[in-house]
Amino acid sequence: MKVLVTGSSGLIGSEAVEHFDRQGHEVFGVDNNMRRVFFGPAGDTLWNLERLKGTAKRFTHAAIDIRDRAAIEELFSAQRFDLIVHCAGQPSHDKARDIPLLDFEVNALGTVNLLEMTRQHCPDAVFIFLSTNKVYGDAPNEIPLKELETRYDYARPEDYDGVAETCRIDRSLHSLFGASKAAGDLVAQEYGRYFNMKVGVFRGGCLTGPSHSGVELHGFLSYLVKVTLTGGRYTVYGYKGKQVRDNIHSYDVVRAIEEFAANPRAGEVYNLGGGRENSVSMLEAIARIESLTGRKLDWQYVDEARKGDHICYISNLRKFQTHYPKWTITRSMDAILKEMVASQRTHRVHSTVS
């Protein structure tokens, strides 16, 4: 296959590049290091691009901005892609407030640019859009909860497996990021359903792994590990630190993409996260990372939650697992954290040496 990966220097993008390259496919990566623009030097992904150039055998990189329709059209005219994995985006819930126009252009306009070029130049290709659970806004907070010692959890047995795709996406507070991603999400579905294209939309929970350039505003587990190891100060916002997220390793995300690509559907939507087994609260994550690293985290609590934030979010994986029974979670929460700690330590050593 000829595979296009946008956001190829990011967490999921780089995992996709490596995965499809290992299988002998020709992989084109599009990434203009906008993460550095969003988050400053700490968000820089050039280190990951250099790593990919050294490990991938059939990888071509282009520093194209997905907002640049002419550049995208030129790329699609020159190449006939079989699979488009669209991971590029402005990813921060909080940062969008400061850059609303840029956020919308990247997340919504960039997505429709790619979909239209796919329709015009390779309409039979499979198109994957990495969406987010933030498209639901704070509607999941309406699910009845119970407060436990270290976390919130769902109060009703019928909610045990988490939030399903039937959760509404309107009449809720999203953050501007959630709204721009919802625009991209809906237009991706529309291209699938209206034009009968092979479009899959994955509404991610907390996507994580060792190739994350984690910063305070995005990539909470990666950033938490980084701060614990470097001795900085971490801030927990609201909900007594008992807010819950389910975490999925980037490898398991790419495996889900691979399963969908092998048997695609038109405009289908799936929630994709670690599920209940890989769920963790802030308090629980801090305790686990402290135990793994042997270091105490310097953290402070601010009794004000982030606007539109989820109190307890666990992805219900039943729909995807029913459609694609070969797929399963392969990386446990403990395995994810151990790998991240090892990766951060290696990264710090290399940074110190260089």
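As a starting point, this report considers the structure included with it. Being a predicted model, the structure only gives us computed values, none of them experimental.

**Notes on the packing of helix α1 (residues 11–22) against helix α8 (residues 250–262)**
So, point 1. Packing of α1 against α8 leaves a shortest axis separation of 9 Å and a crossing angle of 60°. In terms of axis orientation, α1 runs oblique to α8. When you trace α1 past α8, the crossing you get is right-handed. Facing α1, whose interface residues are L11, I12, E15, A16, H19 and F20, α8 presents S250, Y251, V253, V254, R255, I257 and E258.
So, point 2. Taken together, the residues that form the contact of α1 with α8 break down as eight nonpolar, two polar and three charged.

**A short note on the packing of helix α4 (residues 69–78) against helix α5 (residues 100–121)**
So, point 1. Two elements in contact, α4 and α5, have axes separated by 10 Å at closest approach and are oriented at 30°. When the axis of α4 is compared with that of α5, the two are roughly parallel. When you trace α4 past α5, the crossing you get is right-handed. Every residue of α5 that contacts α4 at R69, I72, E73, F76 and S77 is listed here: L109, N113, L114, M117, T118, Q120 and H121.
So, point 2. In terms of residue class, the contact of α4 with α5 is built from five nonpolar, five polar and two charged.

**Quick look at the nonpolar core**
So, point 1. Core analysis: the biggest nonpolar cluster contains 33 residues, and F20, L83, V85, I128, F202, V253 and I257 have the highest contact counts within it.
So, point 2. Elements represented by at least two residues in this core include exactly β1 (2–6), α1, α3 (46–55), β4 (83–86), β5 (126–132), α8 and β12 (268–272).
So, point 3. Among the elements that take part in this core, α8 stands out by supplying six residues, more than any other.
So, point 4. Here F202 is in contact with I128, F129, L130, S131, T132, A256, I257, F260, Y270, L272 and F320, once residues within four sequence places are set aside.
So, point 5. Counting residues in each nonpolar core, the second largest holds 31 residues, with F81, I99, L102 and M197 among its members.

**Side note on the side chain of R255**
So, point 1. Mapped onto the secondary structure, R255 falls in helix α8.
So, point 2. With near-sequence residues (within four places) excluded, R255 lies in contact with H19, K326 and W327.

**Examining the pairing of strand β11 (residues 244–249)**
So, point 1. Counting buried positions along β11 gives six out of six residues, so the element sits mostly inside the fold.
So, point 2. Residues V244, D246 and I248 point to one face of β11 and R245, N247 and H249 to the other, with burial holding for every one of them.
So, point 3. Here strand β9 (residues 206–208) pairs with β11 via three bridges, running parallel. Each residue of the ladder has a partner; that of T208, found in β11, is H249.
So, point 4. Bridge analysis of β11 against strand β13 (residues 279–281) gives three bridges, and the strand direction is antiparallel. In the sheet register, V244 faces β13, and the bridge partner there is S281.
So, point 5. Taken together, the two bridges between β11 and strand β15 (residues 312–313) define a ladder with parallel strand orientation. Each residue of the ladder has a partner; that of R245, found in β15, is Y313.

Procedures and definitions
- Residues numbered from 1 in each chain as written.
- Predicted model: local features only at pLDDT ≥ 70, side-chain atom pairs only at ≥ 80, totals over all residues.
- Heavy atoms only, no water.
- Axes fitted to C-alpha atoms, helices over the stretch in contact; angles between N-to-C directions.
- Helix = DSSP H or I, 4+ residues; strand = E, 2+ residues; numbered from the N terminus.
- Parallel < 35°, antiparallel > 145°, perpendicular 65-115°, else oblique.
- Left-handed = near helix turned anticlockwise from the far one by under 90°.
- Contact = heavy atoms within 4.5 Å.
- Nonpolar A, V, L, I, M, F, W, Y, C, P; charged D, E, K, R; others polar.
- Core = buried A, V, L, I, M, F, W, Y, C linked by side-chain atoms within 4.5 Å.
- Buried < 20%, exposed > 50% of the residue type's maximum accessible area, 1.4 Å probe, protein only.
- Pairing = 2+ DSSP bridges.

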